[in-house]
Structure formats: C-alpha cells, structure tokens
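Here's the letter readout for the chains.
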Amino acid sequence: MSRFVYCNNNNIYSEQLVLVNASHPYIEEETKEGLYPVHPQAPEILLKEQAVIHLSALMEEIKGWEWIVPVSGWRSLREQQDIFDSSLKENGEEFTRKFVALPGCSEHQTGLAIDLGLKKEEVDFICPDFPYEGICQRFRERAAAYGFIERYQKAKEEITGISQEPWHFRYVGTLHAERMKKYGVCLEEYIEMLGRLSHGRRYDGGRR
C-alpha cells in the first residue's frame, strides 16, 4: 500500500528545515539574537528559542538532565574554524573530516543543533558518549515527538557526508521530525521529498 505525506506550503520551507552541509554552506548573518541557554547550569550553550523550549520539555519528561549533559550548541564561524583546526592537529585529517564539519558548513551555526553526552567526569567534546541504551536511548526514542532528529545515522553516511554521530541532534519541528522518523529519511532526503510535493507530486515512501 502506498504511503503519502501532505504538508502545506507554510511548512515546506521553514527556517527549521534549513539544510547545512558541505554542499550547502550556512550564509545567514551571524548573530546571537534569539538564542537562549539550554540549561541554567550550561549558560554558554545556546539554541534558538523553540529548540530550547522543546528540548527542555523532552528532558523534563524523561528526567534527562539527571544523566545527560549538553556538550555543544550554537557556534560562530570562528569557533567552528578553531574546532576544525584543533582537531586537525590533535586527531589528524581523516578523523576530523569524519566528525567535524568544515567551517561554514556546520549545523551548529544555525542554533538548531545540539550535541549531548552521557554525564561523566570527562566528556569528549568531539565524540561524546551517547549510547543506544538506557536514558540516551530513551531520549532518542522520544526525540521526534519534540521535534528533534538524530541527524547523522550510519545508514545515511553517503548522503549526509558525515560519519555516524549518535550524540548530534537537530531541531526541525515536531511535524517534520515525526515524518522523517516514519519514513526513515535523513534531512537531505526529506527536503528532496518536499521539493517533489511542492511541484504537486506525492511521496510514496520509496528510498533512493
């Protein structure tokens, strides 16, 4: 049986769906306006307002802040450049290109992406531990209901251009997150799907 997605035009090209990757650099004006701390104990980690509201609600539901820490939120272009350069020196080019987006091509510059880690004495900034079990998996299972997707999954590495990152979550809004989860598509595939819809076509759930 065919499966169809319906979205009105107001939902198709919202700010929440901005695509940022190596082929689509982030070119918006850089500003901290509209950014808020994700948690009182991490005032330096910022996201856009709706992302903060929904992340807080999700964490409240699962009591997540007892076991999970925010690792990285919004970054400026300069911060991304510094992280990229530092990783090149410390980890080498192969590792860096797998796990660190090119400066100007990072979702963190949008204020819609957050890295999370399991609370430990030491948390790896580049690759925090966020396993597929326990409280982290509970977060993952409930994420779409609050508008978040696990952005870089193993099965989608050839499409996203980024290696699997179990810790990296992107806010796209509940409507889109739940549909992406239902159809098993990453953001690149979903935006392509919506492009077909905007031209009057229906999506049948097929994979590329």
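Look above for the structure.
Attention in this report is confined to the structure presented alongside it. Keep in mind that this is a model prediction, so the values were computed, not measured. (Residues numbered from 1 in each chain as written. Predicted model: local features only at pLDDT ≥ 70, side-chain atom pairs only at ≥ 80, totals over all residues. Heavy atoms only, no water.)

## Some points on the sheet that holds strand S4 (residues 113–118)
Sheet architecture is open: 4 strands sit in the order S3-S4-S6-S5, paired in antiparallel fashion. Either end of the sheet is taken by a strand with one partner, and the two such strands are strand S3 (68–72) and strand S5 (148–152). Neighbour-to-neighbour, the strand axes of the sheet open up by a mean angle of 45°, direction not taken into account. Pairing between S3 and S4: 4 bridges, direction antiparallel. Residue pairing across strands places Ile-68 opposite Leu-118, the latter belonging to S4. (Pairing = 2+ DSSP bridges. Helix = DSSP H or I, 4+ residues; strand = E, 2+ residues; numbered from the N terminus. Axes fitted to C-alpha atoms, helices over the stretch in contact; angles between N-to-C directions.)

## Thoughts on the packing of aromatic side chains
Between two aromatic rings, the relevant description is the distance of the centres plus the angle of the planes. Under the criterion given, the structure shown has 6 aromatic pairs. When the ring of Phe-130 is compared with that of Phe-169, the centres are 5.5 Å apart and the planes differ by 70°; the resulting orientation is edge-to-face. Taken together, the residues span a long stretch of sequence, with Phe-130 in the loop between S4 and helix H5 (134–143) and Phe-169 in strand S6 (residues 165–171) at a distance of 39 residues. Across this residue pair, the class does not change: Phe-130 and Phe-169 are buried. Their ring planes at 75° and their centres at 4.9 Å tell us that Phe-139 and Phe-169 sit as a pair that is edge-to-face. Of the two residues, Phe-139 sits in helix H5 while Phe-169 sits in strand S6, which places them 30 residues apart along the sequence. Taking the relative accessible area as the measure of exposure, Phe-169 reaches 0% and is therefore buried. Among the aromatic residues, those joined into a cluster by ring pairs are Phe-95, Phe-99 and Trp-167. (Phe/Tyr/Trp six-rings, centres within 6.5 Å; stacked < 30°, edge-to-face > 60°. Buried < 20%, exposed > 50% of the residue type's maximum accessible area, 1.4 Å probe, protein only.)

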